[in-house]
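Each chain is listed here by its residues.
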Amino acid sequence: MFLGAGLAAGAFGLAPIAYAAADLAGATAIGSPIFLSALLPVLATLLLVGFRPLRGVLVGLNLGYAALLLHGAIVLPTLLNGLPGGPTIDRLWLAAHALVALALARRVSRM
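These numbers were taken from a predicted model, which means no experiment stands behind them.

Caption draft 1: Expanded view of the overall build of the protein chain. Check the secondary structure of the protein chain and you find five helices and zero strands. Contacts spanning at least 24 positions in sequence make up 57% of the contacts within the protein chain whose residues lie at least 6 apart. Counting every atom, the protein chain has about 6,600 Å² of accessible surface; 74% of that belongs to carbon and sulfur.

In structure tokens, the structure reads:
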């Protein structure tokens with residue numbers, strides 16, 4: 001139980017899970033639109049929503065990703081690689097995926 005809570009809180013190497021997953025995939029994945037999207041929360045929610053004790057972890061994971069993506073959309077600390085269109089498209093990508101993660105958190109919390 002503590003492992004799941006630690007991973008959801010971003011305690012994996014004291015970095016957000018998106019960055020830790022990108023580190024595992026390789027150095028070029030840090031600015032990847034795949035890792036800086038709502039893909040991991042969506043997959044985790046689809047796989048684990050049936051386990052009632054893990055719903056709090058899923059809400060935390062979705063809210064954490066939403067915060068990470070929204071921060072990126074507002075402050076834009078890193079540009080996304082492989083996404084054409086420049087900073088405006090990057091901000092729209094991050095904001096849209098932040099909204100998806102927020103919607104998932106809300107949906108899971110009401111179950």
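Caption draft 2: The arrangement of the packing of helix α3 (residues 39-48) against helix α4 (residues 55-75) in detail. As a packed pair, α3 and α4 sit with axes 9 Å apart at the nearest point and diverge in direction by 170°. Comparing their axes, α4 and α3 come out roughly antiparallel. Only Leu 58, Leu 61, Asn 62 and Tyr 65 of α4 make contact with α3, whose side of the interface consists of Leu 40, Pro 41, Ala 44, Thr 45 and Leu 48. Residues that form the contact of α3 with α4 fall into these classes: seven nonpolar, two polar and no charged.

Caption draft 3: Summary view of α4. With 21 residues, α4 ought to run about 30 Å at 1.5 Å a step, and its terminal C-alpha atoms sit 30 Å apart, in line with that. Within α4 the residues assigned to the buried category are Arg 55, Leu 58, Val 59, Leu 61, Asn 62, Tyr 65, Ala 66, Leu 68, Leu 69, Gly 72 and Ala 73.

Caption draft 4: Quick peek at the nonpolar core. With 17 residues, the main nonpolar core has Leu 36, Tyr 65, Leu 69, Leu 80 and Leu 94 as its most contacted residues. At the level of secondary structure, the elements contributing two or more residues to this core comprise α4 and α5 (87-109). It is α4 that contributes the most residues to this core, eight residues altogether.

Caption draft 5: The side chain of Thr 45, seen in detail. Topologically, Thr 45 is positioned in helix α3. Every residue in contact with Thr 45, bar those within four places of it in the chain, is listed here: Leu 58, Asn 62, Leu 104 and Val 108.

Caption draft 6: Representation of α5 within the structure. Given a rise of 1.5 Å per residue, 23 residues ought to cover 33 Å, and the 33 Å separating the end C-alpha atoms of α5 matches this to within 8%. Buried positions along α5 lie against α3 and α4.

Caption draft 7: A look at the side chain of Arg 55. Note on placement: Arg 55 falls in helix α4. Of the residues examined, Arg 55 reaches a relative accessible area of 17% and is grouped as buried.

The rules behind each value
Residues numbered from 1 in each chain as written. Predicted model: local features only at pLDDT ≥ 70, side-chain atom pairs only at ≥ 80, totals over all residues. Heavy atoms only, no water. Helix = DSSP H or I, 4+ residues; strand = E, 2+ residues; numbered from the N terminus. Contact = heavy atoms within 4.5 Å. Areas by Shrake-Rupley, 256 points an atom, 1.4 Å probe, with all protein chains shown as cover. Axes fitted to C-alpha atoms, helices over the stretch in contact; angles between N-to-C directions. Parallel < 35°, antiparallel > 145°, perpendicular 65-115°, else oblique. Nonpolar A, V, L, I, M, F, W, Y, C, P; charged D, E, K, R; others polar. Expected span 1.5 Å × (residues − 1). Buried < 20%, exposed > 50% of the residue type's maximum accessible area, 1.4 Å probe, protein only. Core = buried A, V, L, I, M, F, W, Y, C linked by side-chain atoms within 4.5 Å.

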